[in-house]
Each structure stands twice: as C-alpha cells, then as structure tokens.
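# Tertiary structure, described
Below, each chain spelled out in residue letters.
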Amino acid sequence: MSNHRATTPTIVLLSIVLLGFGIFGPCMKIVPGFGDYSPLVRVLKPDLAVPASFSLFSGITHMAHEGNWMLAILVFSFSILFPITKLSVYWIAAIDSPEHGAFHKVMKVASLLGKFSMVDVFVIALLVVAIKGLPGNTQVQVQWGFWCFCTAILVSLVVPFALKRQQTASAKHTE
C-alpha cells in the first residue's frame, strides 16, 4: 500500500473517531439565569437553577421528547446522519483502488457531499446562538464535545484533497 493509500483512510478514521466523541460527548452546558429573580428561584425552585449539560445526541432526543420533532429531525439529519453518510462514502473511496470503476462513482458522490460539508457545523452554531439569546442572564458554555464535532468536520474537509492526491498518484503509477 502506498503512502497516499495509507494516509487517506487514517484521515477518515480520525474524523470518524472525533465525530463519535462530538456526537456523544458534552457539547454545551446551559447555566440557567433568572435575572433579578435568580436568588428567589434558587430558594423556591432550586431544580430550575441546576446547570444542564447536553451532548448533541441527548439534545436531539430532548427536543424530540419535548415535541419539537421537526427541529429534532433537522438537527439529526444535518448533524448526525449527513456526516456519517459523508464519512462512510469517504471511507469506501479511501480503501478502494482508483483503478476500479466504483472509485470514480464514489468520488462523484463524495464531491457532491463535500459541497454541503459545513451545513452540520452551521446547524450546531445556530443552536448555540439561539440558546445564548435566552433571557435572564442564561449562559451557554461550549464544551469539549462541540470542539470534537467541529474538528471532525474540519478534518473531513481534507479528505477530498487526499482522495484526489491518491487518484493522481495511482494514475502516475499505472502510466
């Protein structure tokens, strides 16, 4: 296996691992704030003032349980299903030989998926911005799962270039 053929699967695997940590690791911690009423709420209803951490996955399930099915489906589609599909296609292309006809078909699909590669990060960023806009000094603290998710997406942006390099190297080798 040439160096190019070994590097690309490694990049995809790194992105897959980071994506797993990003999906199931804590992405944000919400510290409720009630403005001038915070001391009163802490005394009368202390359970409302307890900070809550959410992973991407637990946030989606929470949205579904609260009846926000459309938002849950949207976030699930673009933040879990889409990246997994994209990385699966990249994995197939990375382990396939560029001489096979299937490689070129997979490359076309990978190219199409690559055009939407930042949509998943955009959805997460929208959620953070929306939650940061909560009244009463509520704070949203971004946690390590968010950074793993973003890094997975950024690492996956390198894969199409590595696949092209693999394809070019293979073409030179067969000449």
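Residues numbered from 1 in each chain as written. Predicted model: local features only at pLDDT ≥ 70, side-chain atom pairs only at ≥ 80, totals over all residues. Heavy atoms only, no water.

### Describing the overall build of the chain
Scanning the chain from terminus to terminus reveals eight helices and three strands. Along the chain direction, N to C, the helices and strands of the chain fall in the order α-β-α-β-α-α-α-α-β-α-α. Within the chain, buried positions represent 40% of all 175 residues. Taking as baseline every contact in the chain between residues at least 6 positions apart, the subset at least 24 positions apart corresponds to 79%. (Helix = DSSP H or I, 4+ residues; strand = E, 2+ residues; numbered from the N terminus. Buried < 20%, exposed > 50% of the residue type's maximum accessible area, 1.4 Å probe, protein only. Contact = heavy atoms within 4.5 Å.)

### Regarding the packing of helix α4 (residues 69-95) against helix α7 (residues 144-156)
It is the contact of α4 with α7, at a shortest axis distance of 11 Å, that shows an interaxial angle of 35 degrees. Pair α4 / α7 crosses with left-handed handedness. Residues Ser 79, Pro 83, Lys 86, Leu 87 and Tyr 90 of α4 lie in contact with α7, whose contacting residues are Phe 149, Ile 153 and Ser 156. Taken together, the residues that form the contact of α4 with α7 break down as five nonpolar, two polar and one charged. (Axes fitted to C-alpha atoms, helices over the stretch in contact; angles between N-to-C directions. Left-handed = near helix turned anticlockwise from the far one by under 90°. Nonpolar A, V, L, I, M, F, W, Y, C, P; charged D, E, K, R; others polar.)

### Considerations on the packing of aromatic side chains
Under the criterion given, the structure shown has three aromatic pairs. Ring centres 6.3 Å apart and planes at 70 degrees place the aromatic pair Phe 21 and Trp 144 in the edge-to-face group. Of this pair, Phe 21 sits in helix α1 (residues 3-24) while Trp 144 sits in helix α7; the two residues are 123 residues apart in sequence, bridging distant segments of the chain. Taking the centre distance of 5.3 Å and the plane angle of 50 degrees together, the rings of Phe 24 and Phe 57 count as tilted. Placement of Phe 24 in helix α1 and of Phe 57 in helix α3 (residues 56-65) is noted, with a sequence separation of 33 residues between them. (Phe/Tyr/Trp six-rings, centres within 6.5 Å; stacked < 30°, edge-to-face > 60°.)

### Side note on the environment of Val 89
Turning to its location among the elements, Val 89 is positioned in helix α4. The spacing of Val 89 and Val 106 is 17 residues in sequence and 6.6 Å in space, taken between C-alpha atoms. Excluding its chain neighbours within four sequence positions, the residues that come into contact with Val 89 are Val 106, Val 109, Ala 110 and Leu 113.

### What to know about the sheet that holds strand β1 (residues 26-31)
One open sheet holds the three strands; their spatial order is β2-β1-β3, and the pairing between them is antiparallel. The open sheet has two edge strands, β2 (52-55) and β3 (139-142), and neither has a second partner. Neighbour-to-neighbour, the strand axes of the sheet open up by a mean angle of 25 degrees, direction not taken into account. In this sheet, β3 lies alongside β1 in antiparallel orientation, the contact comprising four bridges. Paired with Lys 29 across the strands is Gln 141, a residue of β3. Contacts from α7 reach β1 and β3 within the one sheet, and its direction differs from that of β1 by about 140 degrees. (Pairing = 2+ DSSP bridges.)

### Side note on a nonpolar patch on the surface
A cluster of nonpolar side chains, contributed by Leu 13, Ile 16, Val 17, Phe 21 and Trp 144, occupies part of the molecular surface with about 470 Å² of accessible area. Tallying contributions element by element places α1 first for the nonpolar patch, with four residues. A relative accessible area of 46% places Trp 144 in the partly exposed class. (Patch = residues over 30% accessible without salt bridge, like charges linked within 9 Å, V, L, I, M, F, W, Y side chains within 5 Å. Areas by Shrake-Rupley, 256 points an atom, 1.4 Å probe, with all protein chains shown as cover. Salt bridge = Lys/Arg side-chain N within 4 Å of Asp/Glu carboxyl O.)

### Quick look at the pairing of β1
The pairing of β1 with β2 spans four bridges and is classified as antiparallel. From the neighbouring strand, Lys 29 faces β2, where its bridge partner is Ser 53.

### Description of the nonpolar core
Leu 19, Leu 56, Ile 60, Tyr 90, Val 159 and Leu 163 are the most contacted members of the largest nonpolar core, which has 33 residues in total. Of all elements in the fold, only α1, α3, α4, α5 (101-114), α7 and α8 (159-174) reach the threshold of two or more residues within this core. By residue number, the principal contributor to this core is α4, which donates nine residues. (Core = buried A, V, L, I, M, F, W, Y, C linked by side-chain atoms within 4.5 Å.)

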